[in-house]
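Observations on the model geometry
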Amino acid sequence: MAQELFFEVRRQKLHMYLDAEEGQTVMDLKRMVAGITSDPVQNMELWKLDEDGKKSQVLHDTATLVDCGYSSTNAKAQSPAALGLRLVGAEEHLEIHDVSTPPPIPDTMRAEPAPQD
């Protein structure tokens, strides 16, 4: 039984969450993205991102997700694997903006330590 993998595809301020099976190819992911963005798949490049969100390598269309190094241990629902999306026809660089960060928790909502007896 194939494992389900989870991805966050990022491009500028756009963040898409996709799920796929480990036997699917990079082209399958591109088709999913094309269904959301309406951009042609031949103009897309998907990049594997490192922990800092920097591009590390371009993913080839015919490679399976397992061949790219993804598994159920590094592409989980609670921490999806990060991919960068670059449109080739637009002559753009891979650019990713951070998602907004929540404000700090007010003091009244912070958990207070239990009293010591």
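Residues numbered from 1 in each chain as written. Predicted model: local features only at pLDDT ≥ 70, side-chain atom pairs only at ≥ 80, totals over all residues. Heavy atoms only, no water.

Labelled according to an unreviewed UniProt entry, the chain appears under the name Protein CBR-ELB-1, originating from Caenorhabditis briggsae.

**Section: the pairing of strand E5 (residues 81–87)**
What counts here: Here the term buried applies to any residue with accessible area under 20% of the maximum for its type, exposed to any over 50%, and partly exposed to those in between, with areas from a 1.4 Å probe on protein chains only. Secondary structure counts use DSSP, requiring at least four H or I residues in a row for a helix and at least two E residues in a row for a strand, with both numbered from the N terminus. For two strands to count as paired, DSSP must find a minimum of two bridges between them.
Of all seven residues making up E5, seven are buried, and the element is well covered by its neighbours. Burial of E5 is two-sided: the residues Ala81, Leu83, Leu85 and Leu87 facing one way and the residues Ala82, Gly84 and Arg86 facing the other way are all buried. Relative to E5, strand E1 (residues 4–11) runs parallel, the two sharing four bridges. Its bridge partner being in E5, Arg10 is matched across the sheet by Gly84. The pairing of strand E3 (residues 44–49) with E5 spans five bridges and is classified as antiparallel. Along E5, the bridge assignment pairs Glu45 with Arg86.

**Points about the confidence of the model for the chain**
What counts is decided by this rule: The predictor reports its confidence for every residue as pLDDT, a score running from 0 up to 100.
The share of residues in the chain with pLDDT of 70 or more is 83%, and the mean pLDDT across the chain is 84. Strand E4 (residues 55–58) is the least confidently modelled element of the chain, averaging 80 in pLDDT, while helix H1 (residues 26–37) averages 94, the highest of any element.

**Section: the environment of Ala2**
This is how the line gets drawn: We call two residues in contact whenever any of their non-hydrogen atoms come within 4.5 Å of each other.
Tracing the sequence through the fold places Ala2 in the segment before E1. In this structure Ala2 comes out as partly exposed when scored by relative accessible area, which is 35%. Taking the C-alpha atoms as reference points, Ala2 and Glu22, separated by 20 residues in sequence, lie 6.2 Å from one another. With residues near it in sequence (within four places) discarded, Ala2 still touches Glu21 and Glu22.

**Looking at the nonpolar core**
Keep this limit in mind: Buried residues of nine kinds, namely Ala, Val, Leu, Ile, Met, Phe, Trp, Tyr and Cys, make up a nonpolar core once their side-chain atoms join them within 4.5 Å.
Among the nonpolar cores identified, the biggest contains 24 residues, and Phe7, Val9, Leu29 and Tyr70 are the most heavily contacted of them. Of all the secondary structure elements, the ones that give two or more residues to this core are E1, strand E2 (14–21), H1, E3 and E5. Looking at this core element by element, the count peaks at five residues for H1. For Tyr70, the residues in contact, after removing those within four places along its chain, are Leu5, Phe7, Lys48, Leu59, Leu65, Ala81, Ala82 and Leu83.

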